[in-house]
Amino acid sequence: MIKKRSNSFHRKIERTLRKHCFQADASINIRSYTTLVEILIFLSIMGTVVTLFMFNENPILLSLSLALIFAPLIVAFMIPLLLVRKRVSECEKELPFVAEFLAMASAVGISPTYAFSRLKYFNSLKRFAREARIVEKIRALYALSPIDALIFYGKNHPSKSVRNYITSVAAIERSGGEVYNVLYEKASSLLSSLESRISRLPDQFSFITSIEIIAFILVPISLIGIGATFSSQGVELLIASCITIPILMTAGIVFLIEASLPKELEDKENYSFLMISFIIVFPTSLLLLMMNMPAYVSLTVGVLAGFLPSSIIYYSKEVRRNSMIIGLASLARDIAEETKKGKSPTQALRYVALNNVYPQPLQELIKRVSVYPALGFSLKQVVVVEKMPWIVKVFFELLDEAEDMGADPKTLDCLASFFERISFSIRSMLRYASSYRLTSIICAIIMIISVSYTVNTVIMLLSRMHDLANFYTFSLAPLIFPTMSQAKIIKDASYLSASINSILLGLLEGKARGGSIVNGLIDAVFFAILSMLLIWISDSMCLSMIKTFM
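On to the overall build of the chain. In terms of helices and strands, the chain carries 19 helices and zero strands. Looking at the chain as a whole, 47% of its 550 residues are labelled buried. In the chain, 72% of the contacts between residues at least 6 apart in sequence involve partners at least 24 apart. When the accessible surface of the chain is summed, it comes to about 27,000 Å², and 66% of that surface belongs to carbon and sulfur atoms.

See below:
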């Protein structure tokens, strides 16, 4: 009986892991992985028994020990789920471009199943190049027809969007209806979904701004007031909370922004310069702090030394990327018009590169790219050699496929209208991000002025009340007001907290604008300088007001 139940338990674990690993397209030996999970379960049970026996009277140590014991088991179960999530994210990012390619292919009479198989030759659509190979494996393994293999693949895909699209594509090919019209509408609906998500960004940014007001204004001001009133309960702990709580809430805001932004328009970033920047910031700030400079000034100078060079690199790359993607709309339309005159797409590309005017980064790129076909290279090979944004790579590969499929004007019109809508989406996203940046600046200004007023009026007043209480020898317990030395610590730490929170706001603004924290380095530098100037100005004004009325 025990052996039977053990085998049943083993099969349930293996079946669950097999399902997730299949959906994740992960190369994992299921039997070995199941054995590893069973060993971790056994060790977790034994460790729990030992921990309960050793730390049953200490709940803190008990909780920490149990967390450490179960962490490997949780990680083992989470790895396949995270791989599934990664596959879904990558597929949904590339899906609109795949839908556009299938629509272009159907315009010249190529079947969707054959067009889908050609995705394996793409260099920019890496995820769907792998998905196309999966369909080939399914077809060979189960001896299915191309349509049946595509249906089997679609029904077992973890992404709902991909599943619905693939099954409908296979169904329309099998029915023999108006394939082009249906696929064109499918590609258009995916773009409409993208545009709909972008149109909701102002509401989502407004919600994020409300969270920032709580995290960066209300929480620090409240904690500073508590630290001043109950100084005997630990000023340092409360001041540390002014820094740690906004940092923790920043992590949550990053996830909110990540969930709000459309993945289709994002590009992979190189984080090496960011790592170097952080390595420079902390030693520089610490060195200046040891030289008795105010903490917020030390941090600002450290941020300038560490972030400024990297921010210039990332910002120039961001501007170049956005201008190139926005310029693709005009480029695609001009190529489509030239193909109607009898030119091939590569000939049209060469012609517009010499005779038309586009944004400078795009102009320079297409002049270089247009030379390669004359040397015998395809545009698919060019995207591997030349550095360009991901969406631009997809454009050139789709253009190369359009030429291979016969350069039908209908195909080029379809491509041009697609990238016109992509360009419009980028412009809308940047416009909404600019509004969010303005609210972030206002939030930083309000936070710094509020902190300065609080530490220069309330805290200094309470510190004088502490001296009066000592002078008249009466107790104010439990309201133990800060001494003058404690008030100075609170003031320095409060300004440091305001400076850190301003930098975090800058990083969040860059995340919202470009989809990556690295895009916020330039904003972090700007917010750091703004916070230092505002602290100096507001501190001077508050001190002058106090001297006037005291």
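Quick look at the packing of aromatic side chains now. Centre distance and the angle of the planes are the two values used to describe a pair of aromatic rings. Counted according to the given criterion, the structure contains 17 aromatic pairs. With a centroid separation of 5.0 Å and 80° between ring planes, the pair formed by Phe 97 and Trp 390 is classed as edge-to-face. Placement of Phe 97 in helix α3 (residues 59-107) and of Trp 390 in helix α16 (residues 390-404) is noted, with a sequence separation of 293 residues between them. Neither Phe 97 nor Trp 390 differs from the other in exposure class; each is buried. Taken together, a centroid distance of 5.1 Å and an interplanar angle of 45° make the contact between Tyr 142 and Phe 152 tilted.

This brings us to unusual backbone geometry. For Ala 143, which is not a glycine, the phi torsion comes out positive at approximately 55°. Here Ala 143 lies in the loop between α5 (126-142) and α6 (146-155). Its identity as a non-glycine residue notwithstanding, Asn 292 has a phi of 65°, on the positive side. Structurally, Asn 292 is set in the loop between α11 (272-290) and α12 (295-339). Overall, Asn 292 belongs to the exposed group, its relative accessible area being 71%.

We now examine the packing of α6 against helix α7 (residues 160-175). Two quantities define a packed helix pair, namely the angle between the helix axes and the distance between the axes. Contact geometry for α6 and α7: axes closest at 8 Å, N-to-C directions at 160°. Considered as vectors, α6 and α7 are oriented roughly antiparallel to each other. Taken as a pair, α6 and α7 cross one another with a handedness that is left-handed. Of the residues in α7, those in contact with Ile 147, Asp 148, Leu 150, Ile 151, Tyr 153, Gly 154 and Lys 155 of α6 are Val 162, Arg 163, Ile 166, Thr 167, Val 169, Ala 170, Glu 173 and Arg 174. Grouping the constituent residues of the contact of α6 with α7 by class yields eight nonpolar, two polar and five charged.

With that out of the way, let us pick up the pattern of salt bridges. Applying the stated criterion across every chain yields a total of 24 salt bridges. Here Lys 340 makes a salt bridge to Glu 337, at a shortest N to O gap of 3.4 Å. The partly exposed category is assigned to Lys 340, whose relative accessible area is 43%. Residue Glu 337 is classed as partly exposed on the basis of its relative accessible area of 35%. A network of salt bridges, in which partner residues are shared, links Arg 118, Lys 380, Asp 400, Glu 401 and Asp 404.

So, about the nonpolar core. Formed by 125 residues in total, the largest nonpolar core has its most connected members in Phe 116, Tyr 153, Leu 331, Phe 395, Phe 396, Phe 419 and Ile 422. Leave out the neighbours within four places in its chain, and Leu 331 touches Leu 349, Val 352, Tyr 358, Leu 362, Ile 366 and Phe 395. Of all hydrophobic cores here, the second largest spans eight residues; its members include Ile 13, Tyr 33, Val 37 and Leu 73.

As a further point, take the side chain of Ser 344. Residue placement: Ser 344 occurs in the loop between α12 and α13 (345-355). Take Ser 344: its relative accessible area is 18%, and that puts it in the buried class. Once residues lying within four places of it in the same chain are set aside, the contact partners of Ser 344 are Thr 339 and Glu 403.

Here the focus is the packing of α12 against helix α14 (residues 360-369). Where α12 contacts α14, the two axes come as close as 8 Å, and the packing angle between them is 65°. Relative to α14, the element α12 lies roughly perpendicular. Here Arg 320, Ser 323, Met 324, Gly 327, Leu 328 and Leu 331 of α12 come into contact with α14, specifically with Pro 361, Leu 362, Leu 365, Ile 366 and Arg 368. Class assignment for the residues of the contact of α12 with α14 results in seven nonpolar, two polar and two charged.

Within the secondary structure, Glu 131 is located in helix α5. Between the C-alpha atoms of Glu 131 and Cys 91, which are 40 residues apart in sequence, the distance is 8.7 Å. Ignoring sequence-local partners within four residues, the contact set of Glu 131 consists of Arg 87, Cys 91, Phe 116, Tyr 153 and His 157. Among the polar contacts listed, one links the side chain of Glu 131 to the side chain of Arg 87, at a separation of 2.8 Å.

Let us now look at the confidence of the model for the chain. Summary statistics for the chain give a mean pLDDT of 81 and a share of 86% for residues scoring 70 or more. Across residues 471-479 the pLDDT falls below 50, and counting only partners more than four positions away or on other chains, this stretch makes seven contacts in the model.

Among the structural elements, Ala 348 can be located in helix α13. For Ala 348 and Asp 334, which are 14 residues apart along the polypeptide, the C-alpha to C-alpha distance reads 8.1 Å. Non-local contacts of Ala 348, meaning those with residues more than four positions away in its chain, are made with Ile 335, Glu 338, Thr 339 and Lys 343.

Turning our eyes to something else, we now look at the side chain of Ser 310. In this fold, Ser 310 is placed in helix α12. What Ser 310 contacts, discounting residues up to four positions off in sequence, is Phe 273, Ser 277 and Leu 521.

The rules behind each value
- Residues numbered from 1 in each chain as written.
- Predicted model: local features only at pLDDT ≥ 70, side-chain atom pairs only at ≥ 80, totals over all residues.
- Heavy atoms only, no water.
- Helix = DSSP H or I, 4+ residues; strand = E, 2+ residues; numbered from the N terminus.
- Buried < 20%, exposed > 50% of the residue type's maximum accessible area, 1.4 Å probe, protein only.
- Contact = heavy atoms within 4.5 Å.
- Areas by Shrake-Rupley, 256 points an atom, 1.4 Å probe, with all protein chains shown as cover.
- Phe/Tyr/Trp six-rings, centres within 6.5 Å; stacked < 30°, edge-to-face > 60°.
- Axes fitted to C-alpha atoms, helices over the stretch in contact; angles between N-to-C directions.
- Parallel < 35°, antiparallel > 145°, perpendicular 65-115°, else oblique.
- Left-handed = near helix turned anticlockwise from the far one by under 90°.
- Nonpolar A, V, L, I, M, F, W, Y, C, P; charged D, E, K, R; others polar.
- Salt bridge = Lys/Arg side-chain N within 4 Å of Asp/Glu carboxyl O.
- Core = buried A, V, L, I, M, F, W, Y, C linked by side-chain atoms within 4.5 Å.
- Polar contact = N/O pair within 3.5 Å; in protein donor to acceptor, adjacent residues only side chain to side chain.
- pLDDT = per-residue confidence, 0-100.

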